[in-house]
Amino acid sequence: MARRKPLSAELDPSVRQLVTELRRLADHGELSMRQLAAKTGYSQKSWERYLGGRSLPPREAVEALARIGGADPAHLLALHELATDTWTSERTPAPITETATETTTETGTGTGTEDAGFSQFSERSLRVTLIAGAVALVLAASSATLLAVRLHGNGTGTAAATAPPAPPVTSTSAPASPPTYTCRIVRTDGLWYAGISRTRNAEIGYGSAGPDVAEAQCLLRRAGISPGGIDGMFGPLTQRAVKALQKRSGLDVDGMVGPHTWKALRA
């Protein structure tokens, strides 16, 4: 096997350990990039990025290499989970691939850490707004009840008799938690599906939410481009990942997922 280039010293230890284990499996089986592509369904260029530490491999690619190399996938998947957390962590900037660097220059959206912080801030703001609204409703009902009691106690007669009854105080509950999605990547009739949505022409973009967005996020991760979490929310990280895929596929780089981008995701 050809001698591999040393990994970058800037890689986080958890990412370095995962890539080192994947390299060891590939070298032990004397697998070339072409053989890896043929046996796993991921392209030679993708494996060059994965084994070079320039792109985080998707979970399915790690499982496929473990199966080919006869290794226990549980150990590698545990390493992959740690590496994924590090890759998108706010405390440690994630390694930036060549594609991600070019996309950042064109869009000017800043680092992945800033995008993740913006997403967390938006979620907190939504929860605070909902809770504040519920508290205001309870206070309004309580004030109306107190006013009616005072009027009746002061013997205001007609005013007390005709005062409208206080609205019932309804119990409030915490905002419903967002749905969770699980990627189940399969290939059917030559197309990739993640088991969440089978659309091939839905138009989604920044601010969209739902299963179509989660399906696109799963397929972006399968292509080796991290959209952040699989949460069904089309935020800055997902938009940047879509632009990276569009640029790689020779499409118009607009950050929107339409029929042409779905075709590239499922191909």
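Source: prediction; values computed, not measured. (Residues numbered from 1 in each chain as written. Predicted model: local features only at pLDDT ≥ 70, side-chain atom pairs only at ≥ 80, totals over all residues. Heavy atoms only, no water.)

(A) Structural context of the environment of A37. Secondary-structure assignment places A37 in helix α2 (residues 33-40). As a C-alpha pair, A37 and W47 span 10 residues in sequence and 7.4 Å in three-dimensional space. (Helix = DSSP H or I, 4+ residues; strand = E, 2+ residues; numbered from the N terminus.)

(B) Representation of the state of the cysteines in the model. As enumerated under the stated definition, the model contains 1 disulfide in all. Put simply, C183 and C218 are joined by a disulfide, and their sulfur atoms are 1.9 Å apart. On the S-S bond that ties C183 to C218, the torsion sits near -80°, and the link is left-handed. Pair noted here: C183 is in the loop between α8 (158-162) and β1 (186-188) and C218 is in helix α9 (residues 211-222), with a separation of 35 residues, a long-range link. Given the relative accessible area of 22%, C183 is considered partly exposed. The class for C218 is buried, based on a relative accessible area of 2%. (Disulfide = S-S within 2.5 Å. Buried < 20%, exposed > 50% of the residue type's maximum accessible area, 1.4 Å probe, protein only.)

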